[in-house]
Amino acid sequence: MIEKRAYEKATFDIIEVDSQDFLKGAYRDDAKERILRIIEIEAPITEALLSKRLINSFSIKRLGSSLSEYFDSLLKELDEEGKLTSTLTAGEKVYYNGSAATFFRPTPDNPEEIRYSYQIPVEEALNAIIYIFERTGRKFLKKDLLSEFSKELEYQKKGSQVVSLFNKAFEEGKKKGIIMKNSSGKFFVSSDKNTEIQETE
């Protein structure tokens, strides 16, 4: 069963550091420790959001090409040390706290902790879709499922980014055999054969 959880953001004492000093290796060990802490609290987390959380904790606002390369070197070291677990899903690198998640987390009301839809891992969005079926036990047209999806993630509007996330998760579910299509053109969730989605244009 998929669980709905509150989203928690990793927090740190902000270290004021010049980006050039940071690139020269200042606080390298601290940065690695913070990466692991962010993953521990916020996983599953996309690599893009992980990098944003890290540099913001060092008072750096933008991840330029040099900082991106430096961030990659930190991840490489941690991976070689056997401290990272990650997957590549729908073209995005996602980091986990030990194992794949069986939950999803709505967007917090607190603007300091908000995750935009493009920052939510596709796997987590797929969990939200599965949760809707488990919670309601109902059949849905795809457009109605999208509405439920938006509500569960607590987005007030179904903007293009929310729709994009939903479609990626829906397609990933079909690719993995979680969402399947029967001979009449309807989709169903393999974990619950009695719950179907009818595809509409």
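Predicted, not measured: the structure shown is a model, and the values here were computed from it.

**With respect to the overall build of the chain**
Point 1. Looking only at helices and strands, one finds 7 helices and 9 strands in the chain.
Point 2. Based on the C-alpha atoms only, the size of the chain along its principal axes is roughly 60 × 35 × 25 Å.
Point 3. Per-residue burial for the chain yields a buried fraction of 43% across its 201 residues.
Point 4. Counting contacts in the chain only where the partners sit at least 6 residues apart, residues at least 24 apart contribute 65% of the total.
Point 5. For the chain, the accessible area works out to roughly 10900 Å², and carbon and sulfur atoms hold 45% of it.
Point 6. Looking at charge distribution, the chain has the averaged site of its 32 positive side-chain charges lying 6 Å from that of its 35 negative ones.

**Describing the environment of Ala48**
Point 1. Here Ala48 shows up in helix α3 (residues 47-56).
Point 2. Sequence separation between Ala48 and Gln119 is 71 residues; the distance between their C-alpha atoms is 7.6 Å.

**A closer look at the pattern of salt bridges**
Point 1. Tallying each qualifying case throughout the model produces 16 salt bridges.
Point 2. Its salt-bridge partner being Glu124, residue Arg115 comes within 3.0 Å of it at the nearest N-O pair.
Point 3. Between Lys143 and Asp144 there is a salt bridge whose closest N-O contact spans 3.4 Å.
Point 4. For Asp144, a relative accessible area of 32% gives the class partly exposed.
Point 5. Residues participating in the shared-partner salt-bridge network are Arg28, Lys32, Glu77, Glu81 and Lys83.

**What about the packing of helix α6 (residues 142-152) against helix α7 (residues 160-175)?**
Point 1. The geometry of α6 relative to α7 is characterised by a closest axis approach of 10 Å and an angle of 115° between their N-to-C directions. In this view, α6 runs roughly perpendicular relative to α7, as classed from their interaxial angle. Judged by the twist between their axes, the crossing of α6 over α7 is right-handed. Across the interface between the two elements, Lys142, Leu145, Leu146, Phe149 and Ser150 of α6 pack against Val162, Val163, Leu165, Phe166, Asn167 and Phe170 of α7.

**Details of unusual backbone geometry**
Point 1. Between Ala43 and Pro44 the backbone carries a cis peptide bond, its omega angle lying at 0°.
Point 2. A positive phi angle, close to 65°, is found at Ser59, a residue other than glycine.
Point 3. Tracing the backbone shows Ser59 in the loop between α3 and α4 (65-80).
Point 4. Unlike most non-glycine residues, Ala90 shows phi in positive territory, near 50°.
Point 5. Mapping Ala90 onto the fold places it in the loop between β3 (85-89) and β4 (92-96).

**So, the packing of helix α5 (residues 122-136) against α7**
Point 1. For the pair α5 and α7, interaxial distance at closest approach is 8 Å and the crossing angle is 80°. Considering their axes alone, α5 and α7 lie roughly perpendicular with respect to each other. Between α5 and α7, the contacting residues are Val122, Glu123, Ala125, Leu126 and Ile129 on the first element and Leu165, Phe166, Lys168, Ala169, Phe170, Glu172 and Gly173 on the second.
Point 2. Taken together, the residues of the contact of α5 with α7 break down into 8 nonpolar, 1 polar and 3 charged.

What counts and what doesn't
Residues numbered from 1 in each chain as written. Predicted model: local features only at pLDDT ≥ 70, side-chain atom pairs only at ≥ 80, totals over all residues. Heavy atoms only, no water. Helix = DSSP H or I, 4+ residues; strand = E, 2+ residues; numbered from the N terminus. Buried < 20%, exposed > 50% of the residue type's maximum accessible area, 1.4 Å probe, protein only. Contact = heavy atoms within 4.5 Å. Areas by Shrake-Rupley, 256 points an atom, 1.4 Å probe, with all protein chains shown as cover. Lys, Arg positive; Asp, Glu negative; His and termini not counted. Charge placed at Lys NZ, Arg CZ, Asp CG, Glu CD. Salt bridge = Lys/Arg side-chain N within 4 Å of Asp/Glu carboxyl O. Axes fitted to C-alpha atoms, helices over the stretch in contact; angles between N-to-C directions. Parallel < 35°, antiparallel > 145°, perpendicular 65-115°, else oblique. Left-handed = near helix turned anticlockwise from the far one by under 90°. Nonpolar A, V, L, I, M, F, W, Y, C, P; charged D, E, K, R; others polar.

Geometric values such as these leave the question of function open.
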